[in-house]
Amino acid sequence: MTGAVRLEPLDERNLEPLLSVAVAEAEPGDVMPPVEAPAGWSLARREAFREFHRANFAGLDGPTRTRMYAILAGGEVVGMVRMSRCEEPGVVETGMWLGRSARGQGLGVGALRELLNEAAAAGMHAVVADTTRDNMGAVQVLKKCGAKLIENGDKVHAEICLDATPPAF
């Protein structure tokens, strides 16, 4: 299934399909920053989701220094992955989410590998990520993509060197 994953830069064309997946298959706190709005996927929270993602349309050289991608599997939007410039030149931080029905199928590994290709094409030499030890899905995806994991209590910091040979599938 991993080969079926494709990334598309997030824009107006795929923003509404991404919002639909988020509403149907994710909690607001898992896919966007907290906002003052009624609980659940209220109209205010949906608009905040749109505005948050639109703010990143300018990409790595824009004001937010972030490029977001819709993750597609079988031609359908199933989640989002992003890379954001870090203070250290040539390093980007990544984060990702998948709708519930897309989890556990290798799509996260495929999406992160595609993002690593995008980061390398953008001239980056490393990708980092932060998660928690209990987020086993994220930890497994990072391991399978060759990340060096550094644990500190409940926190896990991952580093992927793009100059190294990628791990075998």
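Caption draft 1: Quick look at helix α5 (residues 136-144). Every buried residue of α5 is accounted for by Val139, Val141 and Leu142. All buried residues of α5 lie within an arc of 165 degrees about the axis, which places them on one face of the element. Its buried side turned inward, α5 meets α4 (107-121), β5 (126-132), β6 (148-152) and β7 (155-161). Just past α5, the residue Gly146 takes up positive phi, approximately 85 degrees.

Caption draft 2: Geometry of the pairing of β7. Taking every second residue as pointing to the same face, the buried face of β7 carries Val156, Ala158 and Ile160, while none of Lys155, His157, Glu159 and Cys161 on the other face is buried. The pairing of β5 with β7 spans 7 bridges and is antiparallel. Looking at β7, one finds that Val128 is bridged to Glu159. Relative to β7, β6 is paired through 5 bridges, and the arrangement is antiparallel. By the bridge assignment for β7, Lys148 is matched with Glu159. Counting the residues that bridge the hairpin from β6 to β7 gives 2 residues, and of these Gly153 lies at a positive phi of roughly 65 degrees.

Caption draft 3: The arrangement of the layout of surface pockets in detail. The volume enclosed by the largest pocket comes to roughly 1,000 Å³. Residue lining of the largest pocket: 35 residues in total, with Met96, Trp97, Leu98, Asn135 and Ala138 positioned closest to the centre. Among the elements of the structure, α2 (28-31), β3 (76-85), β4 (91-98), α4, β5 and α5 are those that each provide at least two residues to the lining of the largest pocket.

Caption draft 4: Molecular detail of the state of the cysteines. Summed over all chains, the structure comprises 0 disulfides. Looking at the unpaired Cys86, the closest cysteine sulfur is the one in Cys161, lying at 14 Å.

Cut-offs applied
Residues numbered from 1 in each chain as written. Predicted model: local features only at pLDDT ≥ 70, side-chain atom pairs only at ≥ 80, totals over all residues. Heavy atoms only, no water. Buried < 20%, exposed > 50% of the residue type's maximum accessible area, 1.4 Å probe, protein only. Helix = DSSP H or I, 4+ residues; strand = E, 2+ residues; numbered from the N terminus. Arc of directions from axis to C-beta. Contact = heavy atoms within 4.5 Å. Pairing = 2+ DSSP bridges. 1 Å grid on protein atoms, 1.4 Å probe; cavity = no way out; pocket = protein on both sides within 12 Å on 5 of 7 lines; lining within 4 Å. Points joined across faces, edges and corners; volume = space filled by probe spheres on them. Disulfide = S-S within 2.5 Å.

Worth remembering: the numbers are spatial, not functional.
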